Amino acid sequence: MSDPDIVVLRQTIHGSDGSALAEAIRERLPDRSVALARTPAEERELLETARIAVGLDIDEELLAAAENLELFACVFAGTGHLPRDVLADHGVALTNASGVHRPNISEHVIGSMITHARQWPRAHRQQERREWRSYETTEVYGSTVAVVGLGAIGEAVVDRLEPFDVDTTGVRYSPEKGGPTDEVYGFDEFHDAVADAEYVVLACPLTETTRGLVDADALRTMRADAVLVNIARGPVVDTDALVSALRNSRIRGAALDVTDPEPLPEDHPLWGLGSVTITPHNAGHTPHYYERVADILAENVGRLDGGEELENRVV
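In this text, all values refer to a predicted model and were calculated from it rather than measured experimentally.

Chemist: Let's hear about the side chain of Ser-106: which residues, and what values?
Modeler: Relative to the assigned elements, Ser-106 resides in helix H5 (residues 102-117). For Ser-106, a relative accessible area of 0% puts it in the buried group. For Ser-106, the side chain forms a polar contact with the main-chain oxygen of Pro-103, separated by 3.1 Å. When neighbours within four sequence positions are excluded, Ser-106 is seen to be in contact with His-101, Ala-156, Val-157 and Arg-160.

Encoded structure:
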């Protein structure tokens, strides 16, 4: 087996395995040798000489044998599962796939907002009953939207909201940095940020600060006609408090791509609420995932060769 420049480790994301990623990398870097590891033995052998590895995970044993490795390109945005200190000790740079979900998750958010504004779930229920009966709807256009978390996804949501002429507020850890929203608040001002919003979009990571952020008190602060859109993590929301608020019409509705617990049990009360739309942690699904990972890697290969700062560098 020849010595590759880049080795793609075993992985499957959104129904596509590592062969799709290897092919996408070859298309972007035709002058580089790209090898696909199909077994644990091939991973160990290929990592002994490769400069760059791309995958979901790499352990300390593999790193110890990867004497020439300069870059581990993680295909996830999150890298908390990786031995970051060990990578640093071995002089291996670590990058993540932050930004690959910008188009698909932001589209999911906009679709969720329109779904609740135009009452598509009610339309579907009436269609199943063959019932022709008009009902009231609202508009996303001209509304106020709070985006909690102004990372790559939060910024993409704000960007896609521009044609709707909405007013936006954002919440981030460092509000002094500003952002793409009309106003920016810190997490200690969360209630101020969401108080006037018809749509509250959760696009933040799960941390000690954000765990249970949307609790009973926050739901009381939100407008009675507000819709909560959660594409962050389930535990950012107090589920019991949300069920209570929805049952008592304290908010208008919720679009949940993530839940707590997850998967959502069949007998959970959220399933039976007509004001809730639920998707099975599906907002991140896209057939273009590996293409976007390959775009980031191709850019970073050039930067690595030129001694430049790497895009999405974590370590």
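Chemist: Outline unusual backbone geometry, listing residues and values.
Modeler: Along the chain, Asp-260 connects to Pro-261 via a cis peptide bond; the corresponding omega equals 10°. Mapping Pro-261 onto the fold places it in the loop between strand S13 (253-256) and strand S14 (276-278). Within the chain, Asp-165 stands out as a residue other than glycine whose phi angle is a positive 55°. Considering the arrangement of structural elements, one finds Asp-165 in the loop between helix H7 (152-161) and strand S9 (167-171). For Asp-165, a relative accessible area of 49% gives the class partly exposed. Even without being a glycine, Asn-312 presents a positive backbone phi close to 60°.

Chemist: With reference to specific residues and values, describe the sheet that holds strand S11 (residues 199-202).
Modeler: Picture the strands of a sheet paired through backbone hydrogen bonds; they go either parallel or antiparallel. Spatial strand order, S10-S9-S8-S11-S12-S13-S14: 7 strands in an open sheet with parallel pairing. Strand pairing shows two members of the sheet lacking a second neighbour, strand S10 (183-185) and S14, which therefore form its edges. On average, each strand axis in the sheet is inclined to that of its neighbour by 15°, with strand direction left out of account. Looking at chain direction, S9 and S10 are connected through 3 bridges and run parallel. Looking at S10, one finds that Gly-170 is bridged to Val-184.

Chemist: Provide a residue-level description of the packing of H5 against H7, including the pertinent values.
Modeler: Interaxial distance between H5 and H7 falls to 9 Å at its minimum, and their mutual angle equals 55°. As far as their axial angle goes, H7 and H5 are oblique. The hand of the H5/H7 crossing is right-handed. Judged by residue contacts, Arg-102, Pro-103, Ile-105, Ser-106, Glu-107, Val-109, Ile-110 and Met-113 of H5 engage Ala-152, Ile-153, Ala-156, Val-157, Arg-160 and Leu-161 from H7. Its residues assigned to classes, the contact of H5 with H7 shows 10 nonpolar, 1 polar and 3 charged.

Chemist: Tell me about helix H6 (residues 120-128), residues and numbers included.
Modeler: All buried positions along H6 are accounted for by Pro-121, Ala-123 and Gln-126. In this structure, the buried side of H6 is in contact with H5 and S14. Looking one or two residues past H6, Arg-130 carries a phi angle of roughly 55°, positive in sign.

Chemist: I'd like to hear about the nonpolar core, residue by residue, with values.
Modeler: Val-148, Val-200, Leu-202, Leu-228, Leu-242 and Leu-270 are the most contacted members of the largest nonpolar core, which totals 34 residues. Every element with two or more residues in this core is listed here: strand S8 (144-148), helix H8 (190-194), S11, helix H9 (216-221), helix H10 (239-247) and S13. Top element by residues in this core is H10. It accounts for 5 residues. Once you skip the residues sitting within four places of it in the chain, Val-148 turns out to touch Val-171, Phe-187, Phe-190, Val-200, Val-201, Leu-202, Ala-203, Cys-204 and Leu-213. With 26 residues, the next largest nonpolar core counts Ala-22, Val-100, Val-293 and Leu-310 among its residues.

Chemist: An account of the environment of Gly-179 is needed here, citing residue identities and associated values.
Modeler: Relative to the elements of secondary structure, Gly-179 occurs in the loop between S9 and S10. In the structure, Gly-179 is positioned 135 residues away from Val-314 in sequence and 22 Å away in space, judged by C-alpha atoms. Those residues within four positions of Gly-179 in sequence are excluded, and the remaining contacts are Arg-172 and Val-184.

Chemist: Pulling in residues and values, what's your account of the pairing of strand S5 (residues 52-55)?
Modeler: With burial as the criterion, each face of S5 is covered, one bearing Ile-52 and Val-54 and the other bearing Ala-53 and Gly-55. As paired elements, strand S1 (residues 6-8) and S5 share 3 bridges and run parallel to each other. Following the sheet pairing, Val-8 is matched in S5 by Val-54. As judged from the 4 bridges shared by S5 and strand S6 (residues 71-74), these two strands associate in the parallel manner. Looking across to S6, one finds that Gly-55 is bridged to Cys-74.

Rules used throughout
- Residues numbered from 1 in each chain as written.
- Predicted model: local features only at pLDDT ≥ 70, side-chain atom pairs only at ≥ 80, totals over all residues.
- Heavy atoms only, no water.
- Helix = DSSP H or I, 4+ residues; strand = E, 2+ residues; numbered from the N terminus.
- Buried < 20%, exposed > 50% of the residue type's maximum accessible area, 1.4 Å probe, protein only.
- Polar contact = N/O pair within 3.5 Å; in protein donor to acceptor, adjacent residues only side chain to side chain.
- Contact = heavy atoms within 4.5 Å.
- Pairing = 2+ DSSP bridges.
- Axes fitted to C-alpha atoms, helices over the stretch in contact; angles between N-to-C directions.
- Parallel < 35°, antiparallel > 145°, perpendicular 65-115°, else oblique.
- Left-handed = near helix turned anticlockwise from the far one by under 90°.
- Nonpolar A, V, L, I, M, F, W, Y, C, P; charged D, E, K, R; others polar.
- Core = buried A, V, L, I, M, F, W, Y, C linked by side-chain atoms within 4.5 Å.

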